[in-house]
Amino acid sequence: MLKKKDLEKLAELARMDLDGKGEEKLLKDLDKILDYFGELKEANTEGIVPMAGGTASENIFREDSADLNVDKNKAIEAFPENSGGYLKVPPVF
Amino acid sequence: MHFNDITIKSFHDSLKNGEFKALEVVRELFDKIKKEDVKIHSFLTLLEEEAVEQAERVDLDLASGKNISILSGVPLAIKDNMLIEGSRATAGSRILENYVSSYDATVVGKLKKEGAIFLGKTNMDEFAMGSSTENSAFGVTRNPYDLERVPGGSSGGSVAAVAANFALGAFGSDTGGSIREPAAFCGVVGFKPTYGSVSRFGLIAMASSLDQIGPFAKTVEDAEILFDAVRGEDPFDATSVKKDFFPENDLKKIKELRIGLPKEYFIDGLSADVKNGVEEAIAKLKTLGFKFKEISLPHTKYALSVYYIIMPAEVSANLARFDGIRYDRIKDISESKNGRSMLQEIYFKNRGERFGAEVRRRILLGTFVLSAGYYDAYYAKAQKVRQLVRNDFDEAFKKVDVILTPVTATSAFKIGEKADDPLAMYLSDIFTIPVNLAGLPGISIPVKKYEIGGKELPIGFQLIGKHFREADIFGIGKQYEKI
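Everything quoted here is computed from the prediction, not taken from an experiment.

Definitions and cut-offs
- Residues numbered from 1 in each chain as written.
- Chains lettered and ligands numbered in written order.
- Predicted model: local features only at pLDDT ≥ 70, side-chain atom pairs only at ≥ 80, totals over all residues.
- Contact = placed C-beta atoms within 7 Å.
- Helix = DSSP H or I, 4+ residues; strand = E, 2+ residues; numbered from the N terminus.
- Nonpolar A, V, L, I, M, F, W, Y, C, P; charged D, E, K, R; others polar.
- Buried ≥ 20, exposed ≤ 12 C-beta atoms within 10 Å, placed from the backbone.
- pLDDT = per-residue confidence, 0-100.
- Pairing = 2+ DSSP bridges.
- Axes fitted to C-alpha atoms, helices over the stretch in contact; angles between N-to-C directions.
- Parallel < 35°, antiparallel > 145°, perpendicular 65-115°, else oblique.
- Left-handed = near helix turned anticlockwise from the far one by under 90°.
- Core = buried A, V, L, I, M, F, W, Y, C linked by C-beta atoms within 7 Å.
- Expected span 1.5 Å × (residues − 1).

A look at the interface of chain A and chain B
Okay, so step 1: Taken residue by residue, the interface counts 44 residues in chain A and 57 residues in chain B.
Okay, so step 2: Contributions of two or more residues to the side of chain A that touches chain B are made by helix H1 (4–13), helix H2 (23–37) and helix H3 (72–77) of chain A.
Okay, so step 3: Of all the elements, H2 of chain A adds the most residues to the side of chain A that touches chain B, at seven residues.
Okay, so step 4: Residue composition of the side of chain A that touches chain B, by class: 30 nonpolar, four polar and ten charged.

So, unusual backbone geometry
Okay, so step 1: Between Gly153 of chain B and Ser154 of chain B the backbone carries a cis peptide bond, its omega angle lying at 10 degrees.
Okay, so step 2: Position of Ser154 of chain B among the secondary structure elements: in the loop between strand S3 (117–122) and helix H5 (156–163).
Okay, so step 3: Of note in the backbone geometry, Arg15 of chain A takes a positive phi value of approximately 55 degrees without being a glycine.
Okay, so step 4: Looking at where Arg15 of chain A falls in the secondary structure, it is placed in the loop between H1 and H2.
Okay, so step 5: With 20 C-beta atoms packed within 10 Å, Arg15 of chain A lands in the buried category.
Okay, so step 6: Phi angles above zero are rare outside glycine, and Ala91 of chain B is one such case at about 55 degrees.
Okay, so step 7: Along the polypeptide, Ala91 of chain B turns up in the loop between strand S2 (75–79) and helix H4 (106–113).
Okay, so step 8: Taking the number of C-beta atoms within 10 Å as the measure of exposure, Ala91 of chain B has 29 and is therefore buried.

Some remarks on the confidence of the model for chain A
Low pLDDT means the predicted atomic positions in that stretch should not be read closely.
Okay, so step 1: In the predicted model, chain A carries a mean pLDDT of 87, and 97% of its residues have values of at least 70.
Okay, so step 2: Across chain A, H1 of chain A holds the top mean pLDDT of 94, while H3 of chain A sits lowest at 86.

Some words on the pairing of strand S5 (residues 189–192) of chain B
Residue and element names in this part refer to chain B.
Okay, so step 1: The alternating pattern of S5 places Val189 and Phe191 and Gly190 and Lys192 on opposite faces, both of which are buried.
Okay, so step 2: Relative to strand S6 (residues 212–217), S5 runs antiparallel, the two sharing two bridges. Residue pairing in the sheet places Val189 in a bridge with Ala217 of S6.

With respect to the packing of H2 of chain A against helix H12 (residues 357–370) of chain B
Okay, so step 1: The interhelical angle for the contact between H2 of chain A and H12 of chain B, taken along N-to-C directions, is 55 degrees, at an axis separation of 11 Å. Taken together, the axes of H2 of chain A and H12 of chain B lie oblique to each other. As H2 of chain A runs across H12 of chain B, the sense of the crossing is right-handed. Contact residues: H2 of chain A offers Leu26, Asp29, Leu30 and Ile33 of chain A, while H12 of chain B offers Arg361, Leu364 and Leu365 of chain B.
Okay, so step 2: Taken together, the residues of the contact of H2 of chain A with H12 of chain B sort by class into five nonpolar, no polar and two charged.

Here we look at the packing of helix H2 (residues 22–40) of chain B against helix H3 (residues 48–63) of chain B
All names here are of chain B.
Okay, so step 1: Closest axis-to-axis distance for the H2/H3 pair is 8 Å, and the angle between their directions is 160 degrees. One way to sum up the angle between H2 and H3 is to call them roughly antiparallel. Across the interface between the two elements, Ala22, Leu23, Val26 and Phe30 of H2 pack against Glu48, Ala51, Val52, Ala55, Glu56, Val58 and Asp59 of H3.
Okay, so step 2: Taken together, the residues that form the contact of H2 with H3 break down as eight nonpolar, no polar and three charged.

Overview of the nonpolar core
Residue and element names in this part refer to chain B.
Okay, so step 1: Residues Leu76, Leu119, Val189, Val306 and Val402 are the most contacted members of the largest nonpolar core, which totals 159 residues.
Okay, so step 2: The element best represented in this core is helix H10 (residues 303–318), accounting for ten residues.
Okay, so step 3: Discounting chain neighbours no more than four positions away, the residues touching Leu119 are Leu29, Ile33, Leu46, Leu47, Ala51, Pro75, Leu76, Ala77, Phe166 and Ala167.

Considerations on the pairing of strand S11 (residues 460–465) of chain B
Residues and elements named next belong to chain B.
Okay, so step 1: In terms of burial, S11 is a largely internal element, six of the six residues being buried.
Okay, so step 2: A two-sided burial pattern is seen for S11, the buried positions comprising Gly460, Gln462 and Ile464 on one face and Phe461, Leu463 and Gly465 on the other.
Okay, so step 3: Strand direction decides the pairing type here: strand S9 (residues 402–406) and S11, joined by five bridges, are antiparallel. Paired with Thr405 across the strands is Gln462, a residue of S11.
Okay, so step 4: Here strand S10 (residues 442–446) pairs with S11 via five bridges, running antiparallel. When the sheet's bridge partners are listed, Ile445 is paired in S11 with Phe461.

Looking at the sheet that holds S9 of chain B
All names here are of chain B.
Okay, so step 1: In spatial order, the strands read S1-S3-S2-S4-S6-S5-S10-S11-S9-S7-S8; together these eleven strands make up an open sheet with mixed pairing. Either end of the sheet is taken by a strand with one partner, and the two such strands are strand S1 (43–46) and strand S8 (291–295). Neighbouring strand axes in the sheet, compared pairwise and without regard to direction, differ in orientation by 25 degrees on average.
Okay, so step 2: One ladder, built from three bridges, connects S5 with S10; its direction is antiparallel. Looking across to S10, one finds that Phe191 is bridged to Ile443.
Okay, so step 3: Seen against the sheet, H3 touches S1 and S3 and runs at an angle of roughly 160 degrees to S3.
Okay, so step 4: Here helix H13 (residues 376–399) sits on the sheet and contacts strand S7 (258–262), S8 and S9; the angle it forms with S8, its principal contact strand, is near 145 degrees.

What to know about the environment of Ser14 of chain B
Residues and elements named next belong to chain B.
Okay, so step 1: Following the sequence through the fold, Ser14 ends up in helix H1 (residues 8–16).
Okay, so step 2: Given 14 C-beta atoms within a 10 Å radius, Ser14 is considered partly exposed.
Okay, so step 3: Those residues in contact with Ser14, other than ones at most four positions away along the chain, are Glu19 and Phe20.

Describing H12 of chain B
Okay, so step 1: Taking 1.5 Å of rise per residue, 14 residues should cover 20 Å, and H12 of chain B covers 20 Å from first to last C-alpha, within 8% of that figure.
Okay, so step 2: When you tally the buried positions in H12 of chain B, you get eleven out of 14 residues, the bulk of the element.
Okay, so step 3: Taken together, the buried positions of H12 of chain B are Val359, Arg360, Arg361, Arg362, Ile363, Leu364, Leu365, Gly366, Thr367, Phe368 and Val369 of chain B.
Okay, so step 4: Each element contacted by the buried residues of H12 of chain B is listed here: H1 and H2 of chain A together with H10, H13 and helix H14 (422–426) of chain B.

Here's what the structure looks like:
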């Protein structure tokens with residue numbers, strides 16, 4: 001069973017404010033979902049190699065060169081705030 | 001113009017024969033969209049100016065006697081998690097409300113080269129998280145067959161645009177069924193390629209070991225045309241693979257394909273209309289001479305749990321990039337509280353206020369299954385059971401070439417019906433999720449041609465192929481739709 005304290009810890013790890021409402025429902029929903037996952041315990045996975053996904057199992061290499069064809073000015077324009085060709089960020093300290 | 005019966009193939013022939021001009025079609029479609037999409041809400045952004053320009057280019061090419069490609073002038077709709085340079089890309093989220101892309105997704109670039117026309121960007125569940133398109137920050141999309149019902153999701157806007165005859169085809173993304181489930185609910189063809197067949201560069205990532213881009217179309221033939229235009233290796237997506245694709249047109253070879261029916265998919269929970277629909281499809285394929293065989297995929301029952309551990313884990317990592325610094329941000333954060341630094345304050349506030357409820361739920365769930373003390377019991381265990389799910393398919397594909405299943409357990413459900421119960425919503429994808437876990441190609445094909453305004457809600461059936469054997473399921477699908 002997840003507690004409110006656990007939820008706050010998870011939100012802290014995820015760098016995300018909880019909105020202060022609907023947390024009881026959220027806890028109940030998460031409990032229900034985690035309870036559902038319980039069925040995995042009965043699956044016999046002895047000696048099974050974890051599958052990380054994908055269809056190709058070989059490494060793919062490329063030249064270490066910049067070849068992305070993005071217009072620098074457009075990339076700067078896409079940033080929320082910019083000034084004189086620089087990206088502007090809020091003071092963070 | 002009657003768009004109902006026009007396919008990409010027939011559109012191309014008519015355009016070449018001079019029966020209409022690309023510009024006329026585009027103008028007429030925008031009139032139709034502006035009139036009818038008020039009710040359906042398939043589009044978030046219309047790209048009328050760009051579409052008109054592109055149509056004029058196609059008409060000029062034709063007038064000057066140039067050879068045009070099969071997709072030249074074809075009006076398409078693009079899910080709003082794929083980037084088109086200079087256009088908004090929201091992924092259905094407040095946190096990207098004002099984000100304008102500075103480059104094209106690989107898929108978009110390829111379609112541009114073919115001369116396709118983009119009508120606009122379509123609505124979706126926020127960051128593709130949902131099965132009904134009710135989770136969009138910008139309002140729900142409605143099913144053109146019944147406005148009280150969902151179109152499915154998460155690619156609900158793309159599917160509705162095709163079903164409502166606004167577009168001849170569309171692109172969506174499929175992480176656990178987000179192309180195939182809506183296709184089944186809206187009576188169109190929806191195709192998820194093999195993992196690695198199509199580059200995801202420029203697709204806003206949800207769960208990277210599962211995401212694939214694929215087309216919606218009115219026919220299997222059209223879906224194949226769209227797939228063929230976008231597939232292939234891309235240096236910007238290291239998971240994309242170089243594979244040749246040969247459409248299978250040899251009828252004799254297609255007829256020899258053995259089709260498996262997994263007993264775990266034909267369960268009591270199937271609604272009567274889906275059961276009847278899928279049986280109808282099987283019966284029709286039998287009259288074409290196809291041979292069926294019962295098979296077993298014993299770990300199917302675990303697929304949903306595996307998916308809802310692995311996907312949120314990857315979601316929690318992928319969505320970390322939405323930090324309130326890049327892309328878009330809340331402007332007026334001036335002081336921090338709770339002893340946090342300003343940087344933390346910006347993260348917490350942007351992410352807390354601008355992600356929707358389902359996205360927050362999955363980020364928290366993903367953070368939980370990856371956290372110290374729980375990792376082995378949840379994430380590591382799920383990765384092992386994922387391998388078992390894949391092994392089931394590998395075993396089955398020794399006995400059969402293609403697998404046929406239902407796509408969904410019911411036809412389109414009512415708006416609001418499952419909105420308060422996440423687990424019930426998650427269960428909407430039980431027949432499509434295993435395909436993503438194993439990285440296989442899957443297609444949803446309507447059992448028959450449905451009429452908007454008719455009495456029936458559409459039903460689809462799913463064909464699953466071996467890795468990179470897209471040609472097999474297209475081959476069977478094309479035979480099916482000829483009946």
